[in-house]
Amino acid sequence: MLEFANAKINIGLHIVGKRADGYHDLESIFYPVKVYDAIEIFPSEEYSMQVYNFDFPVGEDNLCSKAYHLLAHDFDLPLVKINLLKGIPVGAGLGGGSSDASHVLLMLNKQFNLHLNTQQLETYAAQLGADCPFFIRNKPVYATGIGTTFSDLDLDLSDKRLLIVKPPIHISTAEAYKSVAIRTGQVDLRQAIQLPIQEWKFHVRNDFEEGLFRAYPEIERLKAAFYDSGAVYAAMSGSGSAVFGIFDELPDLKELQKLGHVFSA
Ligand SMILES: C[C@@](CO)(OP(=O)(O)O)[C@H](O)COP(=O)(O)OP(=O)(O)OC[C@H]1O[C@@H](n2ccc(N)nc2=O)[C@H](O)[C@@H]1O
Ligand SMILES: Nc1ncnc2c1ncn2[C@@H]1O[C@H](COP(=O)(O)OP(=O)(O)O)[C@@H](O)[C@H]1O
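All values derive from a computational prediction rather than experimental measurement.

Undergrad: Whenever I open this one, the pairing of strand β6 (residues 149–152) confuses me. Can you help?
TA: Side-chain direction in a regular strand flips from residue to residue, so the side chains alternate between the two faces of the sheet. With four bridges connecting them, strand β5 (residues 141–144) and β6 associate as antiparallel partners. By the bridge assignment, Y142 is partnered in β6 with S151. Connecting the antiparallel pair β5 and β6 is a turn made up of four residues, with G145 showing a positive phi of about 65°.

Take a look at the structure:
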């Protein structure tokens, strides 16, 4: 079985509290985007996994392997070979690894007739990472809690052009959370996105930007370059380092291409 695992962007991200277990409560809008990894799973004589197009360990730490072993613990799954072709940049705030994990759960459920429903799959996904459950639903949602409680959202950007630029900076999510400031009393993102998109820049913010822009001025310059290129809204996604921009029309890419790898999403 071959499937494509898409990325996500966060449209607004408010860090609203810190919990006793060290995780943070947040509010965010998760929006699926058309940047993909490819995952192939097939029965094999032994379990193995191979990653193409990216250089990181493929051992038990890979989220695809973790997803397989999580289900293999509870179900009589055959041994499989997993091939992963990375297209989603890593350490970018685009949730690539989380999407891979959840797509492995979805694929195993389908391929081996496990009959798990969405709720059950989301519960398994939550054991793999806070970003994972979103990719089970994989449609625009307003997320709260640690990012695993969802309400559906009517947001459709399909008449816009969406560009994402990944600068050559790798940000660890855990590190980004360590220095983020908690802010309460922010605008309700669900209301803010009802405003015309041109006004989002005054109301829709990502709380990770402040600290990470200080540490990596290149990311702030990248966001400015999006506006210079005509974006109606631009922001860093999640804990970075990728920045996305929403455009009415496809801009000249020359300046953006100087600052990183450009993805049309
Ligand atoms: C910031 C966000 C926004 O969507 O995305 P990315 O930028 O990573 O894509 C997510 O909250 C990232 O979720 P995810 O990357 O799955 O996090 P996990 O693997 O569960 O946790 C990695 C580390 O991040 C911190 N963490 C994560 C989620 C959360 N709500 N509070 C936290 O404090 C914890 O220190 C944890 O040890
Ligand atoms: N299948 C995978 N794809 C990408 N990263 C993975 C995967 N499995 C484990 N990881 C680990 O997760 C880290 C962050 O992954 P990524 O999906 O890029 O997160 P983020 O959304 O925070 O940028 C990587 O640096 C890597 O060590």
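Next, the rest of the story.
Undergrad: Sorry if this is basic, but what is going on with the pattern of salt bridges here?
TA: Charged atoms that come close allow side chains of opposite charge to pair. All told, the structure shown has 19 salt bridges when counted by the stated rule. A salt bridge links E175 to K178, with the shortest nitrogen-to-oxygen separation between them at 3.0 Å. Here E175 and its partner K178 are both found in helix α5 (residues 173–178), three residues apart, which amounts to about one turn of the helix. Residue classification places E175 among the partly exposed residues on the basis of a relative accessible area of 45%. Each member of the salt-bridge network shares a partner with another, and the members are R183, R205, D207, E210 and R214.

Undergrad: Looking at this structure, I do not really get the sheet that holds strand β7 (residues 161–166). What am I missing?
TA: Within a sheet, neighbouring strands are paired by backbone hydrogen bonds and run either parallel or antiparallel to one another. With respect to topology, four strands assemble into an open sheet ordered β8-β9-β7-β10, the strand pairing being antiparallel. In this open sheet, the two edge strands, each paired with only one partner strand, are β8 (233–236) and β10 (261–264). The mean inter-strand angle of the sheet, taken between neighbouring strand axes irrespective of direction, is 20°. In this sheet, strand β9 (residues 243–247) lies alongside β7 in antiparallel orientation, the contact comprising five bridges. Across the sheet, residue L162 finds its bridge partner in β9, namely I246. Packed onto the sheet, helix α9 (residues 217–228) meets β7, β8 and β9 and runs at close to 10° relative to β9.

What counts as what
- Residues numbered from 1 in each chain as written.
- Chains lettered and ligands numbered in written order.
- Predicted model: local features only at pLDDT ≥ 70, side-chain atom pairs only at ≥ 80, totals over all residues.
- Heavy atoms only, no water.
- Pairing = 2+ DSSP bridges.
- Helix = DSSP H or I, 4+ residues; strand = E, 2+ residues; numbered from the N terminus.
- Salt bridge = Lys/Arg side-chain N within 4 Å of Asp/Glu carboxyl O.
- Buried < 20%, exposed > 50% of the residue type's maximum accessible area, 1.4 Å probe, protein only.
- Axes fitted to C-alpha atoms, helices over the stretch in contact; angles between N-to-C directions.
- Contact = heavy atoms within 4.5 Å.

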